[in-house]
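# Chain and residue survey
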Amino acid sequence: MIYLTRRERFSAAHRMFRPGLSDEDNLKIYGKCSNPNWHGHNYVLKVTVRGEIDPDTGYFMNATRLKEIINERVIEKLDHRNMNTETDFMAGKIATTENLAVAVWDELKGPLEAEGVTLHCVRIEETENNFIEYYG
Ligand code: NI
């Protein structure tokens, strides 16, 4: 089994909050990330796929194709956008890195299977020190 990871970066605004709660209560739960006037992060996304080596070509997935799928399905919908209000796959979800990782997984799983590879891990780094990994 071979694993291939592609790294992409995006900058996006968000606010983590529960709509029924006051700004004060949201601040207690989510800290600075619940700022009512939004703020942004420079995110790093790492997508790992797995599969078998094709004996004829010696590799298993064209990394350029992987890049295209990630960009089309995910990066274009997030980069320089407000993920709470502009990103269709985050609509109605609290904009945590946890929820983002699951949503990105759901966006990529089908298109990658259509390429004959299996999605293995979605890793999103909100800062250098905090990251989420989702394995489905
Ligand atoms: Ni934040």
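Computed from a predicted structure; not experimentally measured. (Residues numbered from 1 in each chain as written. Predicted model: local features only at pLDDT ≥ 70, side-chain atom pairs only at ≥ 80, totals over all residues. Heavy atoms only, no water.)

### Here's the deal with the pattern of salt bridges
Heads up, the condition is: Any Lys or Arg side-chain nitrogen found within 4 Å of a carboxyl oxygen on Asp or Glu counts as a salt bridge. Burial status follows relative accessibility: with a 1.4 Å probe on protein chains alone, a residue under 20% of its type maximum counts as buried, one over 50% as exposed, and anything between as partly exposed. Numbering goes from the N terminus for both helices and strands, where a helix is a DSSP run of H or I of at least four residues and a strand is a run of E of at least two.
Going through the model one piece at a time under the given rule, you end up with 12 salt bridges. A salt bridge links glutamate 125 to arginine 123, with the nearest nitrogen and oxygen atoms 2.8 Å apart. Owing to a relative accessible area of 12%, glutamate 125 belongs among the buried residues under this scheme. Across the pair arginine 123 and glutamate 133 runs a salt bridge whose closest N-O atoms are separated by 3.1 Å. One end of the pair, arginine 123, is in strand S4 (residues 118-125); the other, glutamate 133, is in strand S5 (residues 131-134), with 10 residues separating them in the sequence. Residues joined by salt bridges that share partners form a network here, namely Lys46, Arg123, Glu125 and Glu133.

### Describing the side chain of asparagine 82
The criterion, for reference: Counting of polar contacts relies on pairs of N or O atoms within 3.5 Å, with two restrictions inside protein: one atom must be capable of donating a hydrogen and the other of accepting it, and residues adjacent in sequence are counted only when both atoms are side-chain atoms. In this description, contact between two residues means that some pair of their heavy atoms is separated by no more than 4.5 Å.
By the element assignment, asparagine 82 lies in strand S3 (residues 81-82). Judged by its relative accessible area of 11%, asparagine 82 is buried. Looking at asparagine 82, its side chain comes within polar contact range of the main-chain nitrogen of asparagine 84, at 2.9 Å. Setting aside chain neighbours within four positions, we find asparagine 82 in contact with Ala13, Trp38 and Thr87.

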